[in-house]
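Close look at the chain arrangement
Listed below, chain by chain, are the residues.
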Amino acid sequence: NIVALSQGSSDAVPATTMVVLLVLWFGISLPLVFFGAYFGYKQDAIEFPVNTSSIPRQIPDQPWFMGIPFTLLVGGILPFGACFVELYFILASVWMDQYYYVFAFLFLVFAILIITCAEITVLFCYFQLCGENYHWWWRSFTTAGSTGLYVFLYSFVYFKQLEANQLATYVL
């Protein structure tokens, strides 16, 4: 916001709006955190119905396609491939002063992206559980989340084509 203000941009958020957001954050969210913590600490501790071993089981050797780099590459490229053309039009509307008016098609592409991410995550989770790998929690998150890495890298590729001439453009 400081860079936008220094350039005299109309996109800068007014200072009063920032103060209102801070007051809302600290006036609503912070009291609710302490309110929830108060009632949470008053509850009894959870008792589990069975005892589990504190020694984790050894995970068998996994095939090459279940390694973290491969699952992140494949788990991100498939959903990104479903939406990168629409991403070009969105970036063009933001950076090249073009109008974007096909929001129904954008919603359809978003739905395809969500479905593709869910399917690829379920598939790799299934492969992990079949391989007796019980460390599936974060891998299930990062498999679909690696699509964001592809979108981030594509935004750099797109931005290099713009030939920006001011430092504020790079910062924003």
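The structure we're discussing is the one just above.
Residues numbered from 1 in each chain as written. Predicted model: local features only at pLDDT ≥ 70, side-chain atom pairs only at ≥ 80, totals over all residues. Heavy atoms only, no water.

Some words on the overall build of the protein
To keep things clear, this is the line we draw: Secondary structure elements are defined from DSSP: runs of H or I of at least 4 residues count as helices, runs of E of at least 2 residues count as strands, and each element is numbered from the N terminus. Atoms counted for the radius of gyration: C-alpha only. Globule rule: 2.2 Å times residue count to the power 0.38. Throughout, exposure labels follow a simple rule: accessible area from a 1.4 Å probe, protein chains only, divided by the maximum for the residue type, with under 20% read as buried, over 50% as exposed, and the rest as partly exposed. Residue contacts are counted whenever heavy atoms from the two residues lie within 4.5 Å of one another. Working definition of accessibility: Shrake-Rupley area with a 1.4 Å probe, residue cover restricted to the visible protein chains. Here the positive residues are Lys and Arg and the negative ones are Asp and Glu; neither His nor the chain ends is included. Note that the charge is assigned to NZ on lysines, CZ on arginines, CG on aspartates and CD on glutamates.
A count of helical and extended segments in the protein gives six helices and zero strands. Computed over the C-alpha atoms, the radius of gyration of the protein is 23 Å, more than 25% above the 16 Å expected from 2.2 N^0.38 for a compact globule of 172 residues. In terms of overall dimensions, the protein has C-alpha extents of about 65 × 45 × 30 Å along its principal axes. Looking at the protein as a whole, 21% of its 172 residues are labelled buried. Relative to all contacts within the protein whose residues are 6 or more apart in sequence, the contacts with residues 24 or more apart total 69%. Surface accessibility of the protein: about 13,700 Å² in total, with carbon and sulfur atoms responsible for 71%. Counting 4 positive and 9 negative side-chain charges, the protein places the centres of these two groups 10 Å from one another.

Some thoughts on the nonpolar core
Grouped burial of nonpolar side chains is what soluble globular proteins tend to show. Our working definition: Buried Ala, Val, Leu, Ile, Met, Phe, Trp, Tyr and Cys residues form a nonpolar core when they are joined through side-chain atoms within 4.5 Å.
Counting residues in hydrophobic clusters, the biggest one holds seven residues: F80, L87, L91, A92, Y150, Y154 and Y158. Contributions of two or more residues to this core are made by α3 (68-95) and α5 (137-160). In terms of residues, this core owes the most to one element, α3, which gives four residues. Discounting residues that sit within four places of it in the chain, L87 has contacts with F80, V151 and Y154. Formed by five residues, the second largest nonpolar core is a distinct cluster that contains V109, L113, C117 and A144.

What about the environment of Q98?
Here Q98 shows up in the loop between α3 and α4 (103-130). On the accessibility criterion, Q98 (40% relative accessible area) is partly exposed. Excluding residues that lie within four positions of it along the chain, Q98 makes contacts with A92 and S93.

Digging into unusual backbone geometry
You will see that E132, though not glycine, has its phi angle at about 60 degrees, which is positive. On the secondary structure map, E132 appears in the loop between α4 and α5.

Brief notes about a nonpolar patch on the surface
The cut-off we apply is this: For patches, a residue must show more than 30% relative accessible area and have no salt bridge; joins then use 9 Å for like charges and 5 Å for nonpolar side chains, namely Val, Leu, Ile, Met, Phe, Trp and Tyr. Just to be clear on terms, a salt bridge is a Lys or Arg side-chain nitrogen sitting within 4 Å of an Asp or Glu carboxyl oxygen.
Together, V13, M18, V20, L21, L24, I28, L32, F35, Y38 and F39 make up an exposed nonpolar region whose accessible area comes to about 960 Å². Mapped onto the secondary structure, L24 falls in helix α2 (residues 15-42).

Focus: the pattern of salt bridges
A full pass over the atoms with the stated rule returns one salt bridge. Among the salt bridges present, the one from E132 reaches R57, with a minimum N-O distance of 3.2 Å. One end of the pair, E132, is in the loop between α4 and α5; the other, R57, is in the loop between α2 and α3, and 75 residues separate them in sequence. Residue class for R57 comes out exposed when judged on its relative accessible area of 55%.

Regarding the side chain of T71
With respect to the element layout, T71 can be found in helix α3. The contact partners of T71, leaving out residues within four places of it in the chain, are F65, M66, F124, R139 and T143.

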